Each structure stands twice: as structure tokens, then as C-alpha cells.
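Geometric and topological summary
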Amino acid sequence: MTDGDVRPGLRRPIGQDELLDRVIRAVAARRLPQSLLIHGPPGVGLRTTARWIAAALQCESEERPCGACRSCRLAGTFEHPDIHVHFPMPRPKRASSRAKLREAIEKQRMERLAQLRDSPEAVLDRGETTGLYVAAVENIRAQAARRPAMGDRTVFVIEDADAMVPQSSSPEAANAFLKLLEEPPEFAFILLTSGRPDALLPTIRSRTAPLRVAPVRGERIIRHLIEDRGASAEEAERAAAQSDGVVGRALEIWERGPGDATESGARLLSAALSGDARARFEAAGAFSARGARAALQPALEALRAQLRDVLAHATGAAELPPGLPSLRGRPLAPGALLTAMEAVEDALEGVAQNLNPQATVSVLLGDMNRVLAASTREP
Ligand SMILES: [Zn+2]
């Protein structure tokens with residue numbers, strides 16, 4: 001298995017060698033905690049890391065995960081009987097009983113695993129409301145109670161664990177799951193992933209050992225885009241520069257191409273600076289009020305990059321790049337720019353949570369205007 005392999009099968013997370021080595025040493029020494037919370041920025045490779053660790057735990061070879069043994073091959077096609085991958089899914093339409101609901105959820109899971117087998121990077125259920133519902137958690141518990149079928153371990157990968165729906169309707173299921181995390185059967189490992197660990201139920205956070213997947217260096221992302229994906233050097237550099245070290249984000253930016261995100265970002269910045277409430281209203285109106293985060297996310301990412309450029313200019317570190325709206329001749333205070341960048345981060349988080357894009361932009365532009373306008377008034 002080569003670093004950066006993008007074919008179906010077991011894949012190694014990009015640029016995480018140090019972390020993976022540490023995990024492998026812990027596995028070899030039988031020191032890996034049984035309940036792990038694999039967290040980091042969304043797109044950094046959380047799922048790939050969890051699936052890779054699961055394969056490493058099951059590998060039959062010395063060199064874990066070898067990618068070649070029977071266990072690794074089954075892990076790579078999501079068919080290992082002792083690796084159970086769970087993820088948020090839409091709630092099944094109807095079920096006459098709890099047992100039927102559990103069956104329906106398990107059937108959905110199997111269908112999605114078959115899709116992932118063919119294209120492991122497929123984004124399923126785009127735009128739909130999904131969750132890890134009580135019935136799914138009950139299935140996990142039932143699977144955890146069974147002895148492993150092939151080897152001496154069972155591994156659970158529970159992706160986007162922050163989507164676990166608070167189970168006030170079924171406190172027994174919730175408690176049983178917490179007990180599973182706290183004291184898993186001696187043969188079970190539970191690997192949770194979350195790009196929003198703050199959104200996790202605190203009771204889950206406190207029962208898992210954290211494992212942070214950090215952003216990676218730009219050069220590593222550039223190399224991946226050029227060598228494994230076939231990007232040009234120029235494309236790779238542009239995508240890496242806007243990615244904050246998050247491989248998934250770089251891939252999205254590269255696949256989308258230059259487009260007009262930069263222009264949309266500049267329009268948002270211009271509206272935020274304009275002091276005219278109507279200009280801000282119109283800028284927000286350019287985005288749909290429902291769903292369709294496709295247009296907003298790249299515009300916000302471009303806006304974030306532009307604010308960073310303006311900040312570099314404000315601190316004297318760089319020239320103001322062309323294409324940015326007039327800053328009305330007065331430099332903006334670095335503190336205000338940082339606050340504005342935080343507001344953009346909040347908006348991006350809102351977009352990730354499928355908040356109304358129009359309302360998100362409206363709030364963002366109002367917030368940015370308050371801090372930036374105040375900043376330009378200072379002598
Ligand atoms: Zn193997």
C-alpha cells in the first residue's frame with residue numbers, strides 16, 4: 001500500500017505518518033485505548049484514519065496494516081466481518097416496530113457500504129438530514145455483544161459521532177452505549193470520529209481517549225495533488241494555499257476549479273465594508289435561503305483568504321493583492337480583521353450545519369461591518 005493511494009481499498013491518510021506510527025506502536029504494545037475519539041478539522045482525513053486504524057488492529061501480518069493479507073483486503077472493501085463501520089444516515093421512512101426500524105437502518109447501512117466499496121470518497125446523502133439514531137446505536141450494542149467472527153477483535157468505526165442524537169426518548173439505550181464506551185468487552189475497540197468534537201455529548205467525550213488528526217503541511221498536500229491526483233503544479237499550489245492544511249478542502253477547491261468564488265468573496269468583503277445596510281442586504285440576497293450551500297462555501301473560503309491577505313497588508317507583511325475592493329484609503333486594524341475572520345469561520349460552520357445561507361450571510365455581513373467600520377474610524 002503506497003502513501004496517498006486513491007484507488008478503492010485500504011487507504012493511508014495523507015501526511016499523518018507521525019500519528020500513524022504512534023498508533024501502530026500502541027497497537028503492537030497492546031496499549032491502544034479501546035475507546036478513541038479521532039478528531040480534527042473536517043476533511044483532514046478523520047474517516048480514512050479511523051478505517052486505517054481499524055485495519056491495523058485486524059491485520060494478520062507483522063507490518064500493520066499490510067494491505068495484502070485477507071483481513072486488510074476485507075477491510076479495504078468494507079467486508080471485514082469484525083469491522084463494523086457506522087455513520088449518520090437519513091431516518092428510514094416508516095417502520096411498524098423498533099425491531100423493524102433497526103432492520104431498516106441496518107439495510108440502509110449495508111447499501112451505503114456497497115456504494116463506498118466502489119467509490120470510497122463518495123459523499124452520500126448530500127443535503128439530507130441524517131443522524132445516528134437510537135435504533136442504530138442499539139444495532140451497535142447488539143454487534144458489540146457478539147464474539148469476533150474471524151480473529152480475536154471486533155472494531156467499531158462510528159463516523160461523525162457528533163451526529164448521535166441525544167437519546168432522551170430512550171435513556172436505557174443512551175446509558176448502555178455510554179457503558180459500552182466506558183467498559184468495552186475485552187475484544188472490542190470503538191473508534192469515534194468527529195470534525196466537531198465540541199458538539200459531542202460531553203458524556204461521550206469524557207469516556208473516550210482523544211486522538212487529534214492535525215492539518216498537514218502545504219508541500220505534502222501539493223505533492224498529493226500532483227502525484228496522486230494529476231493536478232498541475234499551479235492548480236495544486238492554489239488549492240493548497242486555500243486549504244489550511246486540510247486535504248479534503250484542497251481537493252474540493254482543486255476539483256471546483258478557479259470559478260467565480262474569488263469574485264463572490266470580494267463582493268462579500270465589499271458589502272461588509274460598505275456601511276450601507278442595503279448593499280449588505282443585496283449581497284445576502286444573492287444566496288439561496290434554502291439548502292444550496294454549494295455556492296456559499298467557496299465564496300466564504302475565498303473571503304477568508306482575502307481577509308488573510310488584507311491582514312498581511314495591514315501588518316506590513318505583504319502588498320495588497322489586486323482584485324480586492326477599495327479599502328477606502330484607511331488601513332484596517334489587525335484586531336478587527338481577526339475578529340472578522342472569526343465571524344467568517346462561524347459562518348462556515350453554519351454552512352456545514354446546513355443553516356440558511358442567506359441568513360448566515362446576512363448575520364456575517366452585519367458582524368463584519370460592525371467590527372470593520374469601527375476599526376476604520378480610528379485614526
Ligand atoms: Zn494485513
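Residues numbered from 1 in each chain as written. Predicted model: local features only at pLDDT ≥ 70, side-chain atom pairs only at ≥ 80, totals over all residues. Heavy atoms only, no water.

1. With respect to the coordination of the zinc ion
In plain terms, the rule: Only N, O and S atoms count as donors, using a 2.8 Å limit from the metal and a wider 3.2 Å limit for Na, K and Ca, and since water is excluded some coordination spheres may look unfilled. Note on geometry labels: four donors, all angles 85 to 135 degrees, give tetrahedral; four donors become square planar and six octahedral when opposite donors are over 155 degrees apart and every other angle is between 65 and 115; remaining cases are irregular. Only protein chains enter the accessibility calculation, which uses a 1.4 Å probe; a residue is then buried when its area is under 20% of its type maximum, exposed when over 50%, and partly exposed in between.
Protein coordination of the zinc ion is provided by Cys59 (SG), Cys66 (SG), Cys69 (SG) and Cys72 (SG), with donor distances spanning 2.3 Å. Of note is the zinc ion, whose 4 donor atoms meet at the metal with angles of 106 to 115° in an arrangement that counts as tetrahedral. Written as a sequence motif, the donor arrangement for the zinc ion is C-x6-C-x2-C-x2-C. Accessibility expressed as a relative area gives 6% for cysteine 59, which makes it buried.

2. A look at unusual backbone geometry
The phi angle of most residues is negative, glycine excepted, and most peptide bonds adopt the trans form. For clarity, the cut-off: To qualify as a helix, a DSSP run of H or I must reach at least 4 residues; to qualify as a strand, a run of E must reach at least 2; elements of each kind are numbered from the N terminus.
In the segment running from arginine 64 into proline 65, the intervening peptide bond is cis, with an omega of -20°. Even without being glycine, phenylalanine 78 reaches a positive phi, approximately 60°. For phenylalanine 78, the location among the structural elements is in the loop between helix H3 (70-76) and strand E2 (83-86). Relative accessible area serves as the criterion here: at 14%, phenylalanine 78 is assigned to the buried category.

3. Section: the packing of helix H11 (residues 261-273) against helix H12 (residues 277-285)
Here is the rule we go by: Between the N-to-C directions of two axes lies an angle of 0 to 180 degrees, each axis being a line fitted to C-alpha atoms and, for a helix, fitted only over the stretch in contact. Angular relationships are summarised with four words: roughly parallel below 35 degrees, roughly antiparallel beyond 145, roughly perpendicular across 65 to 115, and oblique for the angles in between. Two helices crossing with the near one rotated counterclockwise from the far one by less than a right angle form a left-handed crossing, whereas a clockwise rotation gives a right-handed crossing. The contact criterion used throughout is that any non-hydrogen atoms of two residues lie within 4.5 Å. Put simply, Ala, Val, Leu, Ile, Met, Phe, Trp, Tyr, Cys and Pro go in the nonpolar bin, Asp, Glu, Lys and Arg in the charged bin, and everything else, Gly too, in the polar bin.
Running from N to C, H11 and H12 point in directions that differ by 155°, and their axes come no closer than 8 Å. The angle between H11 and H12 places the two elements in the roughly antiparallel class. Remark: the crossing between H11 and H12 carries left-handed chirality. For the pair formed by H11 and H12, the contact residues are Leu268, Ala271 and Ala272 on the first element and Ala279, Arg280 and Ala283 on the second. The class makeup of the residues in the contact of H11 with H12 is 5 nonpolar, no polar and 1 charged.

4. Remarks on helix H5 (residues 134-145)
Here is the rule we go by: Given a helix with a known number of residues, its expected span is that number minus one, times 1.5 Å.
Taking 1.5 Å as the rise per residue, H5 with 12 residues should run 16 Å; its terminal C-alpha atoms sit 17 Å apart, in good agreement. All of the buried residues in H5 are Val134, Ala135, Ala136, Val137, Glu138, Asn139, Ile140, Gln143 and Ala144. Against E2, helix H4 (98-118), strand E3 (154-158) and helix H6 (171-182) lie the buried residues of H5.

5. Topic: the domain arrangement of the chain
The test is simple: Domain ranges listed in this record stem from an automatic or a database domain assignment. Once two parts are brought into contact, the accessible area they lose, counted with a 1.4 Å probe and summed over both, makes up the buried area. Each salt bridge in this description consists of a side-chain nitrogen of Lys or Arg and a carboxyl oxygen of Asp or Glu lying within 4 Å of one another.
If you check the domain split of the chain, you get domain 1 (17-212), domain 2 (218-256) and domain 3 (261-377). Summed over both sides, the interface of domain 2 with domain 3 buries roughly 510 Å², with 33% coming from carbon and sulfur. There are 2 salt bridges connecting domain 2 and domain 3. Note that aspartate 244 is salt-bridged to arginine 304, the shortest N-O span being 3.6 Å.

6. Considerations on helix H1 (residues 17-28)
Put simply, the test is: Taken from the helix axis, the directions to the C-beta atoms give the arc we talk about.
Spanning 12 residues, H1 covers 16 Å between terminal C-alpha atoms, matching the ideal 16 Å at 1.5 Å per step. Listed in full, the buried residues belonging to H1 are Leu19, Leu20, Val23, Ile24, Ala26 and Val27. For H1, the angular spread of the buried residues around the axis is 160°, confining them to a single face. Seen from the buried face of H1, the exposed residues on the opposite side, beyond 90 degrees, are Glu18, Arg25 and Ala28. Elements in contact with the buried residues of H1: helix H2 (46-58) and strand E5 (209-212). Once H1 finishes, arginine 30 follows within two positions and takes phi at roughly 55°, a positive value.

7. With respect to the pairing of strand E1 (residues 35-39)
Heads up, the rule is: At least two bridges found by DSSP between two strands are what make those strands a pair.
Burial analysis of E1 places 5 of its 5 residues in the buried class, which makes it a mostly covered element. Of the two faces of E1, both are covered, the one formed by Ser35, Leu37 and His39 as well as the one formed by Leu36 and Ile38. Summarising the sheet, E1 and strand E4 (residues 188-194) pair through 5 bridges and their orientation is parallel. Across the sheet, leucine 36 pairs through a bridge with leucine 191, a residue of E4. As paired elements, E1 and E5 share 4 bridges and run parallel to each other. By the bridge assignment for E5, leucine 37 is matched with proline 210.

8. Considerations on the pairing of E4
Burial analysis of E4 places 7 of its 7 residues in the buried class, which makes it a mostly covered element. Here E4 shows no split at all, with Ala188, Ile190, Leu192 and Ser194 on one side and Phe189, Leu191 and Thr193 on the other all buried. Of the strand pairs in this sheet, E3 and E4 are connected by 5 bridges, and their pairing is parallel. Each bridged residue has a counterpart across the sheet, and for isoleucine 158 the counterpart in E4 is leucine 192.

9. A closer look at the side chain of serine 194
For the record, the criterion: For this analysis, a polar contact is any N or O atom pair within 3.5 Å, provided that within protein one partner can donate a hydrogen and the other can accept it, and provided that sequence-adjacent residues contribute only side-chain to side-chain pairs.
With respect to the element layout, serine 194 can be found in strand E4. In terms of polar contacts, serine 194 uses its side chain to reach the backbone amide nitrogen of arginine 196, at 3.0 Å. Discounting chain neighbours no more than four positions away, the residues touching serine 194 are Leu37, Ile38, His39, Gly40, Leu46, Asp162 and Leu200.

10. With respect to the nonpolar core
Our working definition: By nonpolar core is meant a set of buried Ala, Val, Leu, Ile, Met, Phe, Trp, Tyr and Cys residues that side-chain atoms within 4.5 Å join together.
Counting 42 residues, the largest nonpolar core has Leu32, Ile38, Ile53 and Leu191 as the members making the most contacts within it. For this core, the element with the highest residue contribution is H2, accounting for 8 residues. Discounting residues that sit within four places of it in the chain, isoleucine 38 has contacts with Leu46, Thr49, Ala50, Ile53, Leu191, Leu192, Thr193, Ser194, Leu211 and Val213. Ranked by size, the runner-up nonpolar core spans 30 residues in total, among them Ala283, Leu311, Leu332 and Met368.

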